[in-house]
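Residues per chain are reported as follows:
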Amino acid sequence: MSEENLPESHGSAGEVADHGNPFADPGLPAHEPRRTDIDERAAKRAERQVSLMFLVSMVATVGFIVSYVAIDPDKIVYIFPLGHVSALNFALGLTLGVALFMIGAGAVHWARTLMSDVEIPAERHPIEADDEVRADVIGQFRTGAAESGFGRRKMIRNTLIGSMALVPLSGVVLLRDLGPLPEKKLAETGWKKATEAQPLELVNMSTMLPLKPEDIVVGSLTFAMPKGMTTHDEDFQQQIAKDALMLVRIAPEDIKDEKSKGLGFEGILAYSKICTHVGCPISLYEQQTHHALCPCHQSTFDLADGARVIFGPAGHPLPQLKITTDEKGFLVATGDFAEPVGPSFWERAR
């Protein structure tokens, strides 16, 4: 670099203290020009450096999204000196950290090398500003905006906008973890395998044996699940959370809802065991009133009247399963629930 482009050759500007008067206003420290203030090549180089940081931020954000989609959540890798860690967590943390750090580093480097650093004194003034002060503030803002080079240095401006626009996508991608994709996972249960031609047997959840009508007496509450499920199944907990049945036997003359009576068999009604409030398992039954109570938030359903809600925060009745008997006399289902079980959700059609 030539001598004339060195900051020292341009001197300094500022008020100098009067050392002869110990109470004199010391003034501002001497302003030292930066290399980027006097050498356009240095300024261009700083501009490229800032833009590169913003570009790295954009690449890191894309890497965050790719890592979230491509890396198996159960994969474990060894990272020195951290040891064995989740590959997905490590990749997400590293990429998001780089994306945010590069935006901050680029902004700091931009301010320290290209934005104006001239010290400007400001007199104290009352909190309430008059028209003259407001006009002065607006003028200073416009001057600062012009001196920042935001409008003139398009490379920095465009890369900054790009990096700031991409970073929020990291949060949007994480919304995927709020729950399963809609599809039909919540609308269908394991009872969907049952048809009129090939019914599905009801199995007692306690004994794991098929149920006959005589096994269920008036006033009793029996819990059942589809035949073929076992507690050893890998997805048993997910399936039973939708498939669990609550069987109750009510004297036919006490059943108020004719549609509900038609879905049952000789007074035996099969309702979903999953509460329609937040999905708790219903387990309390009052024999005389035919009311089923959810122990979590006290939602109460009248099983003799289509399991309608008579108290509590539940939003809709318990879904009912159509049942009958097969040629062996076992209770069977002939189809899935007419509506989704459990709490309401956005994609629920009914």
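So, a few notes on the structure that sits alongside this text. This is a predicted model, so every value here is computed, not measured.

Rules used throughout
- Residues numbered from 1 in each chain as written.
- Predicted model: local features only at pLDDT ≥ 70, side-chain atom pairs only at ≥ 80, totals over all residues.
- Heavy atoms only, no water.
- Patch = residues over 30% accessible without salt bridge, like charges linked within 9 Å, V, L, I, M, F, W, Y side chains within 5 Å.
- Areas by Shrake-Rupley, 256 points an atom, 1.4 Å probe, with all protein chains shown as cover.
- Salt bridge = Lys/Arg side-chain N within 4 Å of Asp/Glu carboxyl O.
- Lys, Arg positive; Asp, Glu negative; His and termini not counted.
- Charge placed at Lys NZ, Arg CZ, Asp CG, Glu CD.
- Helix = DSSP H or I, 4+ residues; strand = E, 2+ residues; numbered from the N terminus.
- Disulfide = S-S within 2.5 Å.
- Buried < 20%, exposed > 50% of the residue type's maximum accessible area, 1.4 Å probe, protein only.
- Axes fitted to C-alpha atoms, helices over the stretch in contact; angles between N-to-C directions.
- Parallel < 35°, antiparallel > 145°, perpendicular 65-115°, else oblique.
- Left-handed = near helix turned anticlockwise from the far one by under 90°.
- Contact = heavy atoms within 4.5 Å.
- Nonpolar A, V, L, I, M, F, W, Y, C, P; charged D, E, K, R; others polar.
- Expected span 1.5 Å × (residues − 1).
- Arc of directions from axis to C-beta.

Below, the discussion takes up a negative patch on the surface. Side chains of Glu 128, Asp 130, Glu 132 and Asp 136 sit close together on the surface and give a patch of like negative charge. By secondary structure assignment, the location of Asp 136 is in helix H4 (residues 131-148).

In this structure the tally under the stated criterion is one disulfide. Here Cys 280 connects covalently by a disulfide to Cys 296, the sulfurs 2.3 Å from one another. Here the disulfide of Cys 280 and Cys 296 is left-handed, its torsion about the S-S bond being about -105°. One end of the pair, Cys 280, is in the loop between strand S6 (268-272) and strand S7 (284-286); the other, Cys 296, is in the loop between strand S8 (291-293) and strand S9 (300-302), and 16 residues separate them in sequence. Owing to a relative accessible area of 12%, Cys 280 belongs among the buried residues under this scheme.

The subject of this paragraph is the packing of helix H2 (residues 40-70) against helix H5 (residues 154-166). At a minimum axis separation of 8 Å, H2 and H5 run at an interaxial angle of 20°. Regarding the angle of H2 to H5, the classification is roughly parallel. In terms of crossing hand, the pair formed by H2 and H5 is left-handed. For the pair H2 and H5, contact is made by Glu 47, Arg 48, Val 50, Ser 51, Phe 54, Leu 55, Ser 57, Met 58 and Thr 61 and by Lys 154, Met 155, Ile 156, Thr 159, Leu 160, Gly 162, Ser 163 and Leu 166, respectively. Class assignment for the residues of the contact of H2 with H5 results in eight nonpolar, six polar and three charged.

This part covers H5. Side chains three or four residues apart in an α-helix point the same way, a direct result of the helix having 3.6 residues per turn. When the terminal C-alpha atoms of H5 are compared, their 18 Å separation across 13 residues agrees well with the 18 Å that a helix rising 1.5 Å per residue should span. Residues Ile 156, Thr 159, Leu 160, Gly 162 and Ser 163 constitute the buried set of H5. Seen end-on, H5 carries its buried residues on one side only, within an arc spanning 165°. Exposed positions of H5 whose direction lies more than 90 degrees from the buried face are Lys 154 and Ala 165. Packing partners of the buried residues in H5 comprise H2 and helix H3 (87-113).

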